[in-house]
Amino acid sequence: MRLYDDPCSGNGYKVRLILALLGRAYDYVPLDIDKAETRTPGFLAKNPNGRIPLLELDDGRLLPESNAILHYLADGTPFLPVDPFAHAQVLQWMFFEQYSHEPNIATVRFWLTHGVEMTPWLLEAAERKRAGGYAALGVMDAHLSQGRFFAADAFTIADIALYAYTHVAHEGGYDLSGYPAVTAWLDRVSAQPGYVPITAVGR
Ligand SMILES: N[C@@H](CCC(=O)N[C@@H](CS)C(=O)NCC(=O)O)C(=O)O
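Residues numbered from 1 in each chain as written. Predicted model: local features only at pLDDT ≥ 70, side-chain atom pairs only at ≥ 80, totals over all residues. Heavy atoms only, no water.

Taking an unreviewed UniProt entry as the reference, the chain is identified by name as Glutathione S-transferase belonging to Skermanella aerolata. UniProt annotates the chain under Sequence similarities (unreviewed entry) with the comment "Belongs to the GST superfamily." (UniProt positions renumbered as here; feature names shortened; annotations may be inferred.)

Listed below in structure tokens is the structure:
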């Protein structure tokens, strides 16, 4: 199995984290998104959407989209419940992550950590995204004040998906001090056996 990824990507980290938690070996192919290495003809032939992470199976099949990859790798493991309702709740939070969370929290982090010139228009866009990101954090905090994890009363891929960009939200200028249930949950995730930080790449 081979993972195409940029080491700084939170979406890629979701995949690196579950592979570490499962103790699965893989080849790591680093691509630099700042150098448009995901937009070369060779990579576009593998993922026409031009984005990492991308998982390549040993038989050559290709799977993009971080949350689809999480779902594939977690199948048959404790990280994805079998019960239909619990399974759907995991998906509920993963869709929430892609629509209400990642586009707000990850984007601002990218702008601030990749040397993007913050024009007045982008500064305004960052403020709008921060408002959306804080709204998502509020939803997460209210939910986590009722339970230890997002779904199924267990650590699942919903937690992995949401952890990836929440734990580095400060790099996008977010202050998590007003979200105590979220910060306590971050500690519970990083205490999982086999946990690796976002800086750990390959295996
Ligand atoms: N919905 C996708 C988003 C993937 C994505 O936005 N990847 C970024 C890095 S985090 C990327 O490859 N950007 C390079 C580009 O757009 O050229 C996922 O969850 O995998």
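Trainee: Sorry if this is basic, but what is going on with the overall build of the chain here?
Mentor: Summing up its helical and strand segments, the chain has seven helices and four strands in all. Traced from its N-terminal end to its C-terminal end, the chain shows the element sequence β-α-β-α-β-β-α-α-α-α-α. Radius of gyration (C-alpha) of the chain: 17 Å, near the 17 Å computed for a compact globule of 203 residues. For the chain, the spread of C-alpha atoms along the principal axes amounts to about 50 × 45 × 25 Å. Among the 203 residues that make up the chain, the fraction classed as buried is 46%. In the chain, the proportion of contacts linking residues at least 24 apart, taken out of those at least 6 apart, comes to 68%. For the chain, the accessible surface area stands at approximately 9,600 Å², while carbon and sulfur atoms represent 57% of it. For the chain, the distance from the average position of its 16 positive side-chain charges to the average position of its 23 negative side-chain charges is 3 Å. (Helix = DSSP H or I, 4+ residues; strand = E, 2+ residues; numbered from the N terminus. Rg over C-alpha atoms; globule rule 2.2 N^0.38 Å. Buried < 20%, exposed > 50% of the residue type's maximum accessible area, 1.4 Å probe, protein only. Contact = heavy atoms within 4.5 Å. Areas by Shrake-Rupley, 256 points an atom, 1.4 Å probe, with all protein chains shown as cover. Lys, Arg positive; Asp, Glu negative; His and termini not counted. Charge placed at Lys NZ, Arg CZ, Asp CG, Glu CD.)

Trainee: What am I meant to see in the site of the ligand here?
Mentor: The full set close to the ligand counts 13 residues, and Arg39, Ile52, Glu65, Ser66 and Gln98 are the nearest of them. At 3.1 Å from an oxygen atom of the ligand is found a side-chain nitrogen or oxygen belonging to Thr38. Arg51 has a polar side-chain atom sitting 3.5 Å from an oxygen atom of the ligand. In this structure, the ligand is accommodated by the largest pocket. (Near = heavy atom within 4 Å. Polar contact = N/O pair within 3.5 Å; in protein donor to acceptor, adjacent residues only side chain to side chain. 1 Å grid on protein atoms, 1.4 Å probe; cavity = no way out; pocket = protein on both sides within 12 Å on 5 of 7 lines; lining within 4 Å. Sits in = over half its atoms within 2 Å of the grid points.)

Trainee: What's the story with the environment of Lys35 in this structure? I'm lost.
Mentor: When you line up the elements, Lys35 lands in the loop between strand S2 (27–30) and helix H2 (41–46). Using a relative accessible area of 61% as the deciding quantity, one classes Lys35 as exposed.

Trainee: Got a minute to help me understand the nonpolar core in this structure?
Mentor: By size, the foremost hydrophobic cluster in this structure holds 56 residues, and its most contacted members are Ile18, Leu73, Met140, Phe150, Ile157, Ile160 and Trp185. Breaking this core down by element, the ones donating at least two residues are helix H1 (10–22), helix H3 (66–74), helix H4 (84–113), helix H5 (120–144), helix H6 (157–166) and helix H7 (180–190). Counting the residues that make up this core, at least three belong to each of domain 1 (2–74) and domain 2 (84–190). Apart from the residues lying within four places of it in its own chain, the contact partners of Trp185 are Met140, Leu144, Arg148, Phe149, Phe150, Asp159, Leu162, Tyr163 and Thr166. Counting five residues, the second largest nonpolar core, distinct from the first, contains Tyr4, Leu31, Ile52 and Leu54. (Core = buried A, V, L, I, M, F, W, Y, C linked by side-chain atoms within 4.5 Å. Domains from an automatic or database assignment.)

Trainee: Help me understand the pattern of salt bridges in this model?
Mentor: Opposite charge on two side chains permits them to pair, given that their charged atoms come into close proximity. Taken as a whole and judged by the stated rule, the model has nine salt bridges. Close ionic contact of Arg2 with Glu56 constitutes a salt bridge, the shortest N to O distance being 3.6 Å. With a gap of 54 residues between them, Arg2 in strand S1 (residues 2–5) and Glu56 in strand S3 (residues 54–56) connect regions that are remote in the sequence. What emerges from the salt-bridge pattern is a single network uniting Arg2, Lys46 and Glu56. (Salt bridge = Lys/Arg side-chain N within 4 Å of Asp/Glu carboxyl O.)

Trainee: I tried to follow the sheet that holds S3 on my own but got confused; where do I start?
Mentor: Across the sheet, which stays open at both edges, the four strands sit in the order S2-S1-S3-S4 with mixed pairing between neighbours. Looking at the sheet topology across the chains shown, the edges are occupied by S2 and strand S4 (62–64). Between one strand axis and the next, the sheet turns by 20° as a mean value, whatever way the strands run. Alignment of S1 against S3, held across three bridges, turns out to be antiparallel. Directly across from Tyr4, in S3, lies its bridge partner Leu54. H1 contacts S1 and S2 of the sheet and is inclined by roughly 150° relative to S1. Across the face of the sheet, H3 comes into contact with S3 and S4 while running at roughly 125° to S4. (Pairing = 2+ DSSP bridges. Axes fitted to C-alpha atoms, helices over the stretch in contact; angles between N-to-C directions.)

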